[in-house]
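Topology and contacts: notes
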Amino acid sequence: PKSERPKSVQVEPQVEPQPAEQPKPESPQNVQVETQVEPQVEPQVEESKPERPKSVQVEPQVETATQSFAIQGHVVSDLRRACRAAGDKIYYLQLAEDDPLDTSIIFNVWLDTLPMGTDTVDVSVASDCSYFLWEALGTKMEDNTSQFIQSVGGLDSECDAYVQTIKGVHASASGHWLAVSALDGMDGGWSCIPKDTISNVLRYFESTTKDSLLEWAEKIGSRDCLSISHDAGPQPPNPYGVQGLIPNAKMSDLLSFWSALGVPSVPSDIRKLMEMHSLDRVEFHLTMTEDSFARAGIVIHNPSQEILSRIEAQNTSAAVLNEFGNALGTRPYAVEYQVTFKLNFMLKVENNRVAKTNF
């Protein structure tokens, strides 16, 4: 289970007034003089990221659980076939020939970038089927991941950051992910499995909020980092994601993770579900922007069928979710209980269109 993107919050775009045009000074009369013309040099234009929108963090809210599936295989056609069959169960991933949605088009772009070296595909699904995150990981994915970053509009500097990071953290595998939602929102980026500690990995994160995570991780003895990710889209904010193991997990450790991030309380029904789990393998999953938390999750592996049935009973998409899992040929291997930090992004408006919509 990997990084997931924050849900969209629609904000009314605000257009800044244009400054009044200053009158140009009168040009002097032309005077012909003999000059020596020097060869012109093409100016170098530095690549720069768009201005990062400001964010305002409001009361965090606990969401329903997200279920994670994993399919493994070394024959890429089998992985593509399984993913395509599962995607056909979801209306906004179906590739209609007459009028395909943007989400279905980009989903197929992601499928087409899976190389023969793909080892696994992880799929995270909201229990109401409103959100999907597809992630491919392998040992020979660098070129394909760079290709995917460019296909979603990522800058060359993002491709460079991806290559430098996987080398710096001695990644054992890397790849790319695509997140899509029923609101026709999409995000894409890269991820990797580092062979490094949480504290060392977080050096690659440009975030002012990571100290809270480091302090909590040190307190409960969480040291090894399981995965990191980054949103590679052309417009900010571009969240970072980090996932780590909670060793010898107790319920108090799970609750202290959220409280360390400022979550005041956990609803009783969510807590009762979590208490039903065997805590043999538990992980934390945190997504953060440069100045705010976006999403914080507790990932509990090997959920019982009773727990899955209780989660499915809370929504009306249980039948679709079952069909999705059957098409993948697997069952959920983990459940993630998430807290979403609702962020209101002050978005720039360009040519009467919002530059980026987050979800």
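Heads up: the structure comes first, above all this text.
What counts, and where the lines are drawn
- Residues numbered from 1 in each chain as written.
- Predicted model: local features only at pLDDT ≥ 70, side-chain atom pairs only at ≥ 80, totals over all residues.
- Heavy atoms only, no water.
- Helix = DSSP H or I, 4+ residues; strand = E, 2+ residues; numbered from the N terminus.
- Buried < 20%, exposed > 50% of the residue type's maximum accessible area, 1.4 Å probe, protein only.
- Contact = heavy atoms within 4.5 Å.

**Considering the environment of tyrosine 91**
Residue position: tyrosine 91 is located in the loop between helix 1 (76-87) and helix 2 (102-112). By relative accessible area, which is 53% here, tyrosine 91 ends up exposed. For tyrosine 91 and threonine 103, which are 12 residues apart along the polypeptide, the C-alpha to C-alpha distance reads 10.0 Å.

**Observations concerning the side chain of threonine 165**
Considering the arrangement of structural elements, one finds threonine 165 in helix 4 (residues 156-168). The exposure class assigned to threonine 165 is buried, which follows from its relative accessible area of 7%. If we skip the residues at most four places from it in the chain, threonine 165 touches Trp190, Tyr204 and Ile228.

**Some details on unusual backbone geometry**
One non-glycine residue, cysteine 129, lies in positive phi territory at about 60°. In this structure, cysteine 129 sits in the loop between strand 3 (118-126) and strand 4 (131-138). By relative accessible area, cysteine 129 is classed as buried at 8%. A positive phi angle, close to 50°, is found at asparagine 248, a residue other than glycine. With respect to the helices and strands, asparagine 248 occurs in the loop between strand 8 (240-245) and helix 7 (251-260).

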